[in-house]
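Fold and geometry: a report
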Amino acid sequence: MHFIVNITSKLSGSGTTIFTVMSKMAQDFGAINLSQGFPDFDGPLELREAVARHIGSGHNQYAPLAGVSGLLEQIAIKVGALYGYTANPERQVVVTPGATEAIYCALTATIHPGDEVIVFDPAYDTYEPGIRLNGGVARRVPLCAPDFRIDWQRVRDVVTDRTRMIMLNSPHNPTGAVLGEQDIEALREISSRHDILLLSDEVYEHLVFDHREHLSLLRYPDLAERSFCVFSFGKTYHVTGWRIGYCVAPPLLTEAFLGIHQFINFSTNTPLQYALADFLRERPGYHLELAGFYQRKRDLFRDLLASSPFRLLPSPGTFFQLADYSRVSDLPDREFAAWLTREHGVAVIPISVFYENPPEQRIIRFCFAKNEATLRDAAERLAAIPGR
Ligand SMILES: Cc1ncc(COP(=O)(O)O)c(C=O)c1O
């Protein structure tokens, strides 16, 4: 018998995420994949060996709801050392299957039907679905090229008595923009005046360049007390496929967060948690090398493209480089990304997909979290494209 069941997805119209689309296209055309944000090199050997050791020594059953206590403690030590934040490891830290689940749990714990959430345009593509699935309404505030700073007056203009949360992301995907002290001041003023929650996506916390500092909201007690701060071990240790991150928040917010997390994933991969606890204990300074490591890749990639027809935008953080291609083509960015993959063997991300209202611009995103040989190979192909 043949059944046809009609359903209307709660996210109908969202389609498949661009990362899946472009990575598949890269594979189909044998292109160099500078699209999805993941390294083409492995994480630290000791960390990978520690996972094998913990699997071998029987750490294979459910972890506690919030996480393995040794890892919760190491996370509390890390945010204390980095941001001067005192977190109670048992009541303020939750280990999650990636920052992605943490963002979803924070939204689901707090956003009720009709609540408004301020999101910047462009924004990482998981934010809006998480808001919509909870009946919330995303209010987009545009960020403008070339530096994609926040215009705080525009934020003030969209705040209403339904505004429940502002979502921040610094360093910012896809633009690489990072928050400065003036942003923090404006955020303070607006969030306290209107009693607004903050969800701070800080997965690129260690990827801030040119001697700038990452301004985690955990540094500011008045902001931290109303914030979910979300981090990713996947980004920090070059292991995005492990799907592991964490959320740090005040006890009441963490309690609400756990109330959701317990029914979505219950807990996070056990042997990875033990291995990460060991690694954080043994190599607490590992992350200090990351900004230099990625800055060298950024600078190499920018140098290699300097004489190409692509105009490179500033990239003060993340492992992404935006480029204006209007000297190459008039195609809209999705078509241009497909053309570049097909005809020149380099896969990229069209940034219009991160927007609710994409402006008239010709900009694509490259990921430079790649080995030097990959970057050189890609740049050679890109530099050979004629300008107009
Ligand atoms: C801004 C931003 N937030 C969250 C995530 C998801 O992080 P995770 O892989 O830890 O789920 C990503 C991954 O690309 C990202 O770029």
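The numbering scheme is per chain: residues are counted from 1 as the chain's sequence reads. With pLDDT at 70 or above as the cut-off, local features in this predicted model cover only qualifying residues; side-chain atom pairs require 80 or more to be listed or tallied, and sums for whole chains, interfaces and linings still use all residues. Values reported for side chains reflect all heavy atoms of the structure, with hydrogen atoms and water molecules removed beforehand.

What to know about the overall build of the protein
Note the following rule: Counting from the N terminus, the helices are the DSSP runs of H or I reaching at least four residues and the strands are the DSSP runs of E reaching at least two. Per-residue accessibility, obtained with a 1.4 Å probe over protein chains only, is compared with the maximum for each type, and a residue is labelled buried under 20%, exposed over 50%, and partly exposed between these values. Contact criterion: two residues are considered in contact whenever any of their non-hydrogen atoms come within 4.5 Å of each other. Under the counting rule used here, the positive set is Lys and Arg, the negative set is Asp and Glu, and His together with the chain ends is not counted. The location of each charge is read from NZ of Lys, CZ of Arg, CG of Asp or CD of Glu.
Scanning the protein from N- to C-terminus turns up 15 helices and 13 strands. With the principal axes as the frame, the protein shows a C-alpha extent of 65 × 60 × 50 Å. Burial status across the protein gives 56% buried among its 388 residues. Considering only intrachain contacts with a sequence separation of at least 6, the fraction spanning at least 24 residues in the protein is 74%. Averaging the locations of the 37 positively and 45 negatively charged side chains of the protein gives two centres separated by 2 Å.

Some points on the site of the ligand
Counted only if it meets this: Nearness is judged by heavy atoms alone; a residue qualifies as near a molecule or strand once a single heavy atom is within 4 Å of it. As used in this structure description, the phrase polar contact means that two N or O atoms lie within 3.5 Å; if the pair is within protein, one of them must be able to donate a hydrogen and the other to accept it, and residues adjacent in sequence are counted only when both atoms belong to side chains. Per-residue and other accessible areas follow the Shrake-Rupley method at a 1.4 Å probe size, with only the shown protein chains counted as cover for residues. Each residue gets one label: Ala, Val, Leu, Ile, Met, Phe, Trp, Tyr, Cys and Pro are nonpolar, Asp, Glu, Lys and Arg are charged, and the others, such as Gly, are polar.
Looking at the ligand, the residues that line it are G98, A99, T100, Y124, N169, N173, D201, V203, Y204, S232, K235 and R243. The contact in question runs from an oxygen atom of the ligand to an N or O atom on the side chain of N173, over 2.8 Å. D201 places a polar side-chain atom, nitrogen or oxygen, 2.5 Å from a nitrogen atom of the ligand. Surface burial for the ligand is 94%, taken as the share of its 400 Å² of free accessible area covered by protein chains. A total of 3 residues in the shell around the ligand trace back to one element, the largest contributor, which is helix α5 (residues 98-110). Class assignment of the residues belonging to the shell around the ligand gives a composition of 4 nonpolar, 5 polar and 3 charged.

As for the sheet that holds strand β4 (residues 137-142)
This is how the line gets drawn: Following DSSP output, two strands are said to pair if at least two bridges run between them. Only the stretch in contact is used when fitting a helix axis, every axis being a line fitted to C-alpha atoms; angles between N-to-C directions are given from 0 to 180 degrees.
In space, the 7 strands of this open sheet follow the order β2-β8-β7-β6-β5-β3-β4, with mixed pairing throughout. If you trace the sheet from one side to the other, it starts and ends with β2 (93-96) and β4, each paired once. Between one strand axis and the next, the sheet turns through 20° on average, direction left out of account. Here strand β6 (residues 197-201) runs beside strand β7 (residues 227-232); their pairing, made up of 4 bridges, is parallel.

Some points on helix α11 (residues 251-264)
What counts is decided by this rule: Here a helix's expected span is defined as the number of its residues, less one, multiplied by 1.5 Å.
Here α11 is 14 residues long and its end C-alpha atoms lie 20 Å apart, about the 20 Å a rise of 1.5 Å per residue gives. The complete set of buried residues in α11 reads L253, T254, F257, L258 and H261. On its buried face, α11 is in contact with α4 (89-92), β2, α5, β6, β7 and β8 (245-248). One or two residues past the end of α11 sits F266, with phi positive at roughly 60°.

Describing the domain arrangement of the protein
The condition is simple: Domain limits in this description derive from either an automatic procedure or a database domain assignment. By definition, the buried area sums, over both parts, the 1.4 Å-probe accessible area that each loses when the two are put together. For this analysis, a salt bridge means a side-chain nitrogen from Lys or Arg found within 4 Å of a carboxyl oxygen belonging to Asp or Glu.
Looking at the assigned domains, one finds that the protein contains domain 1 (18-43 + 289-383) and domain 2 (45-286). Computed from C-alpha atoms alone, the centre-to-centre distance between domain 1 and domain 2 is 25 Å. Listed per partner, the contact involves 33 residues of domain 1 and 36 residues of domain 2. Between domain 1 and domain 2 lies a buried interface of about 2,900 Å² when both sides are counted; carbon and sulfur atoms form 59% of it. Taken together, the links from domain 1 to domain 2 amount to 3 salt bridges. The partner of R283 in a salt bridge is E289, with the nearest N and O atoms 4.0 Å apart. Elements with a minimum of two residues in the side of domain 1 that touches domain 2: α1 (18-28), α13 (290-305), β10 (320-324) and β13 (363-367). Considering each element in turn, the side of domain 1 that touches domain 2 owes the most residues, 6 residues, to α13. Taken together, the residues of the side of domain 1 that touches domain 2 sort by class into 20 nonpolar, 8 polar and 5 charged.

Examining the pairing of β13
Counting buried positions along β13 gives 5 out of 5 residues, so the element sits mostly inside the fold. Burial of the side chains of β13 extends over both faces: I363, R365 and C367 are buried on one face and I364 and F366 on the other. As judged from the 2 bridges shared by strand β12 (residues 349-350) and β13, these two strands associate in the antiparallel manner. For P350, the partnering residue across the bridge sits in β13 and is I364.

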